[in-house]
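# Analysis of the macromolecular model
Here is what each chain is made of, one letter per residue.
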Amino acid sequence: MNTVKHTLTPRIPVQKRRDVVENTEFAAFARRIIRAHGRRVATGDVEALRDLVALSTELDHAIGEAVIGLRAFGYSWAEIGARLGISRQAAQQRWADKS
């Protein structure tokens, strides 16, 4: 027997479909923002220089996470290296200890 009182149960709206953003468009957007940040520092915002350098560290961490995820998804070191223009051995040496 169903005991749910529909008048007391709130309706949960159906989630809106999220538009898919292509990777190349997303990467181009990120590059534009980083370049804009560099231009801002170049106009005399010396306080923002540390934040710009911190982006480099964040990018290294993001690449590491991406490689770990790709490995968990089943991609080989050779496939990852090929996409990066480096050898399988170079990719494995750089990121194997993080996975």
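Residues numbered from 1 in each chain as written. Predicted model: local features only at pLDDT ≥ 70, side-chain atom pairs only at ≥ 80, totals over all residues. Heavy atoms only, no water.

- In the nomenclature of an unreviewed UniProt entry, the protein chain corresponds to Sigma-70, region 4 from the organism Micromonospora nigra.

## Re helix α2 (residues 49–73)
- Between its first and last C-alpha, α2 extends 36 Å over 25 residues, near the 36 Å set by a 1.5 Å rise per residue.
- Backbone geometry just downstream of α2 places G74 in the positive-phi region, at approximately 110 degrees. (Helix = DSSP H or I, 4+ residues; strand = E, 2+ residues; numbered from the N terminus. Expected span 1.5 Å × (residues − 1).)

## With respect to the packing of helix α1 (residues 23–42) against α2
- The geometry of α1 relative to α2 is characterised by a closest axis approach of 9 Å and an angle of 150 degrees between their N-to-C directions. On the basis of their axis angle, the class for α1 and α2 is roughly antiparallel. Relative to α2, the crossing made by α1 is left-handed. Each of I34, H37, G38 and V41 in α1 lies in contact with α2, whose residues at this interface are L49, D51, L52 and L55. (Axes fitted to C-alpha atoms, helices over the stretch in contact; angles between N-to-C directions. Parallel < 35°, antiparallel > 145°, perpendicular 65-115°, else oblique. Left-handed = near helix turned anticlockwise from the far one by under 90°. Contact = heavy atoms within 4.5 Å.)

## Looking at the nonpolar core
- Counting 5 residues, the largest nonpolar core consists of V67, W77, I80, A91 and W95.
- Listing elements by their share of this core, those giving two or more residues are α3 (77–84) and α4 (88–95).
- When neighbours within four sequence positions are excluded, A91 is seen to be in contact with W77, G81, I86 and A96. (Core = buried A, V, L, I, M, F, W, Y, C linked by side-chain atoms within 4.5 Å. Buried < 20%, exposed > 50% of the residue type's maximum accessible area, 1.4 Å probe, protein only.)

## Digging into the pattern of salt bridges
- Summed over all chains, the structure comprises 2 salt bridges.
- R94 is paired through a salt bridge with D60; the nearest N and O atoms lie 3.9 Å apart. Of the two residues, R94 is situated in helix α4 and D60 in helix α2; the sequence distance between them amounts to 34 residues.
- A relative accessible area of 38% places D60 in the partly exposed class. (Salt bridge = Lys/Arg side-chain N within 4 Å of Asp/Glu carboxyl O.)

## Quick notes on a positive patch on the surface
- Together, R31, R32, R35 and R39 make up a region of like positive charge exposed at the surface.
- For R35, the position within the fold is in helix α1.
- The exposure class assigned to R35 is partly exposed, which follows from its relative accessible area of 46%. (Patch = residues over 30% accessible without salt bridge, like charges linked within 9 Å, V, L, I, M, F, W, Y side chains within 5 Å. Areas by Shrake-Rupley, 256 points an atom, 1.4 Å probe, with all protein chains shown as cover. Lys, Arg positive; Asp, Glu negative; His and termini not counted. Charge placed at Lys NZ, Arg CZ, Asp CG, Glu CD.)

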